[in-house]
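Coordinate inspection notes
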Amino acid sequence: MERRQQFFHSPLPYLFLAPQILIIAVFFIYPAAKAVYLSFMLEDPWGTSSIFVWFENYQMLFESSEYLNSIGFTLMFAIVVSFLSLALALLLAVKADNIIHGQSAYKVTLTWVYAVAPAIAGVIGAFLFNPHIGVFTEIFSVIGWDFSFQTDPLDATFALILVSVWKQVSVNFIYFLAGLQSISYAVKEAAMLDCVSDSKRFWTITFPLLAPTGFFLLVIN
């Protein structure tokens, strides 16, 4: 007769996890469920009564051209900012990882932006693109570009993307540099012996090893 092995677990880990699970349930799961429930309701202006209207609220949303335009702009903004910030961060991380002397100075220079609060980054961006005293505005005027983010939607989009990429590059740089430095020296040495070309060695060996880090950054970006 076959005997089954039984394992007995201590309840202590569950007790340690209970506070965090409770916080997630109270501040994340419950509000999300409540929001989904309220999206099917129509309330009066004073919030004293509500009527279940099924998908009427969603129908009104997706029939609105302004809402559809905002969704399209959000998707475009997310894709462009994510792509540019990831590409620039990867390039800077590869260059910083190859520096032998003064590597710490380069790391500090490239990561200090991470300490800037988003609101402060917005204020700095407003100064840089200011029509009267902005540094970038003066540069654009030299090349004949009448830049005005306050009146031109395309100029405003460009300024918003540029400031967002600048703010996000430092976060991606930290993770990419950590991923590059986690690759063992034995692997790098073997790659240098097997492949002479730097670009081919990067795309065939280094980049695939950074895939988990890149996927994580893609999600959080």
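Presented here is an overview of the structure given in this document. This is a predicted model, so every value here is computed, not measured.

1. What to know about the side chain of Thr213
Looking at the secondary structure, you find Thr213 in helix H10 (residues 211-220). Residue classification places Thr213 among the buried residues on the basis of a relative accessible area of 18%. Aside from chain neighbours lying at most four places away, what touches Thr213 is Tyr175, Phe176 and Gly179.

2. Considerations on the packing of aromatic side chains
With the rule as written, the count across this model stands at 20 aromatic pairs. Where Phe202 meets Trp203, the ring centres are 5.0 Å apart and the plane angle is 80°; that geometry is what we call edge-to-face. Three or more aromatic residues link up through ring pairs in this structure, and these residues are Phe129, Phe136, Phe140, Trp145, Phe147 and Phe158.

3. Some points on the environment of Thr206
Looking at where Thr206 falls in the secondary structure, it is placed in helix H9 (residues 198-209). If near-sequence neighbours (up to four positions away) are discounted, Thr206 is found in contact with Leu180, Ile183 and Arg201.

4. A word on the environment of Lys200
The residue Lys200 is located in helix H9 in this model. Lys200 gets classed as exposed once you look at its relative accessible area, which sits at 53%. Taking the C-alpha atoms as reference, Lys200 lies 48 Å from Tyr14; in sequence the two are 186 residues apart.

5. Quick word on the nonpolar core
Core analysis: the largest hydrophobic core is formed by 17 residues, its most contacted members being Ala93, Phe173 and Phe176. For this core, the secondary-structure elements that each account for two or more residues are helix H3 (65-97) and helix H7 (153-182). If you tally residues by element for this core, the top one is H7, at seven residues. The residues touching Ala93, leaving out its near neighbours within four places in the chain, are Phe173, Phe176, Leu177 and Leu180. Judged by nonpolar contacts, the second largest core, of five residues, contains Phe129, Phe140, Ala159 and Val163.

6. Some remarks on unusual backbone geometry
With a phi angle near 55°, Trp54 is a residue other than glycine that sits in the positive phi range. On the basis of relative accessible area, Trp54 is assigned to the exposed category, the value being 57%.

7. As for the side chain of Asp155
Counting through the fold element by element, Asp155 comes out in helix H7. Buried charge Asp155 goes without a salt bridge, the closest partner of opposite sign being Lys167 at 24 Å. A polar atom in the side chain of Asp155 sits 3.4 Å from the side chain of Trp145. When residues no more than four places from it in sequence are discounted, the contact partners of Asp155 are Trp145, Asp146, Phe147, Ser148 and Phe149.

Calculation criteria
- Every chain is numbered independently, its residues counted from 1 as its sequence is written.
- Where totals are concerned, whole chains, interfaces and linings use all residues; where local detail is concerned, this predicted model gives features only for residues with pLDDT of at least 70, and gives and counts side-chain atom pairs only at 80 or more.
- The basis for every side-chain value is the complete set of heavy atoms in the structure, and neither hydrogens nor water enter the calculation.
- Numbering of helices and strands runs from the N terminus; a helix is a DSSP stretch of H or I covering at least four residues, while a strand is a stretch of E covering at least two.
- Partly exposed describes any residue whose relative accessible area lies between the buried limit of under 20% and the exposed limit of over 50%, with all areas from a 1.4 Å probe on protein chains only and scaled to the type maximum.
- The contact rule is simple, with two residues in contact once any of their heavy atoms fall within 4.5 Å.
- Here a pair means two rings of Phe, Tyr or Trp (six-membered ring of Trp) with centres within 6.5 Å. Their orientation is stacked below 30 degrees between planes, edge-to-face above 60, and tilted elsewhere.
- Residues belong to a common nonpolar core when they are buried Ala, Val, Leu, Ile, Met, Phe, Trp, Tyr or Cys residues joined through side-chain atoms within 4.5 Å.
- Counting rule for charge: Lys and Arg are taken as positive, Asp and Glu as negative, and neither His nor the chain ends is counted.
- A side-chain nitrogen of Lys or Arg and a carboxyl oxygen of Asp or Glu constitute a salt bridge if their distance falls within 4 Å.
- Identification of polar contacts relies on pairs of N or O atoms within 3.5 Å, with a donor-acceptor requirement for protein atoms, meaning one able to donate a hydrogen and the other able to accept it, and with residues adjacent in sequence counted only if both atoms are side-chain atoms.

Scope: geometric values only; no functional claims are made or implied.
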